[in-house]
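Chain residues, written in single-letter form:
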Amino acid sequence: MKTFKVALAGNPNCGKTSIFNALTGSRQHVGNYPGVTVESKSGSFVLDGMNIELVDLPGVYSLSSSSPEEDVVFKELTAAGIDLIVNVIDSTIPRRSLYLTTQLAELHIPMLLCFNMSDDAKKKGLKFDIPKFEKYFGSPVVQTVGCRASGVAKLLAQLSKTLGELEDHGVPMLSYGGDIDDAINSVAGDIEALQVKEYAHIPARFFAIKLLEHDTSAMRLEAFKSVHPKVEEELKHLWDKHAIEADTFMADRRYAMLAGACRGAISSTEGKRREISDKIDMVLTNRFLGFPIFLAIMYLTFYFTFTCAEPLMEWIEEFFGFLGDSIKNVWSEEQLPYLRSLITDGIIGGVGGVIVFLPNILFLFFAIALLEDSGYMSRAAFIMDGIMRIFGLQGRSFVPLVLGFGCTVPAIMATRTIESERDRTVTIMVLPFMSCGARLPIYALLIPAFFAAKYQAFMMLLIYVIGVIVALVGARLMKSTLFKGDGEVYLMELPPYRMPTAKSLMLHMWDRGRMYLQKAGTVILFTSIILYICNTFPVNKAVEEKYAPQIAAAESALKAAEAKDAQAQEKAKEELSALENAMQSEQMQYTITGRVGKFLEPVFKPLGFDWRITTSCIPALAAKEIFVAQMGILMAEGEVDENSDSMRAQLRKYYTPLQAFCVMLFCLLSIPCLATLAVIKRELNSWAMALTEAAALFGLAYVVTLIVYQVGTLLKIGTSMIG
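Rules behind the numbers
Residues numbered from 1 in each chain as written. Predicted model: local features only at pLDDT ≥ 70, side-chain atom pairs only at ≥ 80, totals over all residues. Heavy atoms only, no water. Helix = DSSP H or I, 4+ residues; strand = E, 2+ residues; numbered from the N terminus. Buried < 20%, exposed > 50% of the residue type's maximum accessible area, 1.4 Å probe, protein only. Polar contact = N/O pair within 3.5 Å; in protein donor to acceptor, adjacent residues only side chain to side chain. Contact = heavy atoms within 4.5 Å. Expected span 1.5 Å × (residues − 1). Patch = residues over 30% accessible without salt bridge, like charges linked within 9 Å, V, L, I, M, F, W, Y side chains within 5 Å. Areas by Shrake-Rupley, 256 points an atom, 1.4 Å probe, with all protein chains shown as cover. Salt bridge = Lys/Arg side-chain N within 4 Å of Asp/Glu carboxyl O. Lys, Arg positive; Asp, Glu negative; His and termini not counted. Charge placed at Lys NZ, Arg CZ, Asp CG, Glu CD. pLDDT = per-residue confidence, 0-100. Pairing = 2+ DSSP bridges. Axes fitted to C-alpha atoms, helices over the stretch in contact; angles between N-to-C directions. Parallel < 35°, antiparallel > 145°, perpendicular 65-115°, else oblique. Nonpolar A, V, L, I, M, F, W, Y, C, P; charged D, E, K, R; others polar.

J.: Sorry if this is basic, but what is going on with the side chain of Q659 here?
T.: Structurally, the position occupied by Q659 is in helix α29 (residues 657-669). In this structure Q659 comes out as buried when scored by relative accessible area, which is 13%. Polar side-chain contacts of Q659 include one of 2.8 Å to the backbone oxygen of G608. Apart from the residues lying within four places of it in its own chain, the contact partners of Q659 are G608, Y654 and Y709.

What follows is the structure, given as structure tokens:
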């Protein structure tokens, strides 16, 4: 079976992804291009006995290499191996979409033009003279409706025909005018003389044009460095003779060529009515109504996510609890006890703690896909753009920041909608300051324990507001220093509203869910094993011997109490539990985690942290909510949650409200969970960035908490014990 490599190219929002999904279905692979954060997609399908590998290139408006996406597309299309380019064109805005087509045509790679959204174009009253377009570009043209399965039938038929006639494809002759063409031919001659084998399949004329435009990707190709003097000579000649800036002039000439091509090939019916999308936007982007409507939609998005996910999360939690208990029931404590505990408490507990959030991830990205595919997400970015630019970000940064209140992992993944590499990086770096749901158990334990009921809501709000303020100020500082640059202007396209397809929504959910499990889950699995070892070993036999007689006596008392009343039985259970918790607490001090906590206590003492708090912060690196469980063990309270009154009473005996606030502040600002660091590494393709983020957050949390504790102590704010 013969294999063909087909590249799918087009502008953002042209329906390219819908066509890709319709052709490949679930036979897709999603990843990142090496060295950049741009998403890569490839898939395969069989057509009339031919195996087709389909590569979905990032959406771009040109091949000018002014963005990471354009640089990726340039490298993909100039590499050997592509048999055909399927250029997807938004036929509702053909003149703008065809600008990229003029550059693709210069590659002289066989091309098939796919006029997508033909149903929307028809509603707008647009008619196309297909034979004229085919003659002008030397490529076959097919009209499609990518969001419907039946809408790509003509594309499949034409694709099969085109792949069978690749040797007979036409070559468009695009002219830039006499002087420009002379300069192109002169540089192309020098390029041909180099006989660079790596690019022998691409016409020298294409690279000559790119060099004359000072295209970044072309200029850094080592193979053509020797031609640079010739390029500068021709550019000087053009300037001296005609005051022509070649890069802008060629762009103007491309638009002029398109105007000529479209003049006789596109017609429009007169008196067509105002589009439905425009009427909807009169309300949704209204200067007064737009923002409240946006907030309402965001609220509904979260309400939908958490309401639908809650029962599934409970089922998953019950399943992993059942799985762990089942293994414990059939696996005796006497047989390999540590391996038994590692599997049930470490691996199943740790991995289960990640998978339990999967419904949240799936429903969240279903909602995001719905907003994106319908066209509303572009409106949301438009509405928030002015506010976010005050802090050095753009409108599209707002949605990931809001999602960060739920879980930082999917919020970071949601930054893929941000076009600017700088804005996306800054948004990712400040997202950990948005207080995620995993920190909530810490607040829910400490706030009721140390603050009066009338202040509890205020304290909770204060913590969240501090996170938001630090995130926005941090973004402003980074855009003014580390990521400083000229202000970028973005084309904020408002595509027409469309009805998303179920298939596209499901594939979007599947991609993100699989990515979450693969990347975050593996890190948590590894971390769970490491933490189990640190929390368990070494074992202090002296502690076991110390408590063994007391526990044995308590067990005997419990058996004796079973024959008496329920009150005696409950009291015996409490005494046994207290002894077991006390033994576990002493054992923890002897373990690696306990020893590290004791060792680090002098470092954290200026923050108001003793060895218990310090020790509890270590496993909280895996997941913040572990802090509560770890404190329960160290306070000899056993397994507790954020609603434990006895745990709160114990905390009040040892700590002050100021110390409690500092713990919450440190957990808010410090290193996020390891799953978050893993996703930062994945999205930025750099462990250095992830580790730098961790170090910076730890340093900031330490300094801020130190200042708050020392100033609070000096002013005697919240320093009195209330236990």
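Here the narrative resumes.
J.: Mind showing me how you'd approach helix α15 (residues 358-374) here?
T.: Residues spaced three or four apart along an α-helix face the same direction, because each turn holds 3.6 residues. Between its terminal C-alpha atoms α15 stretches 24 Å, which fits the 24 Å expected from 17 residues at 1.5 Å a residue. Among the residues of α15, those classed as buried are L358, P359, N360, I361, L364, F365, F366, A367, I368, A369, L371 and S374. Taken from the residues just after α15, G375 is the one with a positive phi, measuring 100°.

J.: I would appreciate a short explanation of the environment of T101 in the present structure.
T.: Within the element layout of this structure, T101 appears in helix α3 (residues 94-105). Once residues lying within four places of it in the same chain are set aside, the contact partners of T101 are N87, I89, M111, L113 and F137. Polar side-chain contacts of T101 include one of 2.5 Å to the side chain of N87.

J.: Got a minute to help me understand a negative patch on the surface in this structure?
T.: Among the surface-exposed residues, E310, E314, E317 and E318 lie close enough to one another that they form a single negatively charged patch. Tracing the backbone shows E314 in helix α13 (residues 290-330). On the accessibility criterion, E314 (40% relative accessible area) is partly exposed.

J.: Please clarify how the confidence of the model for the chain should be interpreted in this entry.
T.: Detailed reading of the predicted model is not advised wherever pLDDT is low. Here the chain shows a mean pLDDT of 82. Residues at 70 or above account for 89%. Here residues 270-274 scores under 50 on pLDDT; set against residues more than four positions off or in separate chains, the count is 4 contacts.

J.: How do you make sense of the pairing of strand β5 (residues 84-90) when you look at a structure like this?
T.: In regular strands, side chains alternate between the two faces of the sheet. With 7 of 7 residues buried, β5 is to be regarded as a mostly interior element. The alternating pattern of β5 places L84, V86, V88 and D90 on one face and I85, N87 and I89 on the opposite face, and all of these are buried. By the bridge criterion, 5 bridges tie strand β1 (residues 3-10) to β5 in an arrangement that is parallel. Within the sheet, the bridge partner assigned to L8 lies in β5 and is V86. Pairing of β5 with strand β6 (residues 111-116), which is carried by 6 bridges, proceeds in the parallel orientation. Within β6, the residue paired with V88 across the bridge is C114.

J.: Please clarify how the packing of helix α24 (residues 566-590) against helix α25 (residues 592-604) should be interpreted in this entry.
T.: Each pair of packed helices can be summarised by the angle the axes make with each other and by the distance between the axes. One way to put it is that α24 packs onto α25 with a least axis distance of 4 Å and a crossing angle of 65°. Accordingly, the angle class assigned to the pair α24 and α25 is roughly perpendicular. Along the contact surface, α24 presents M588, Q589 and Y590, while α25 presents I592, T593, G594, R595 and K598. Residues of the contact of α24 with α25, tallied by class, amount to 3 nonpolar, 3 polar and 2 charged.

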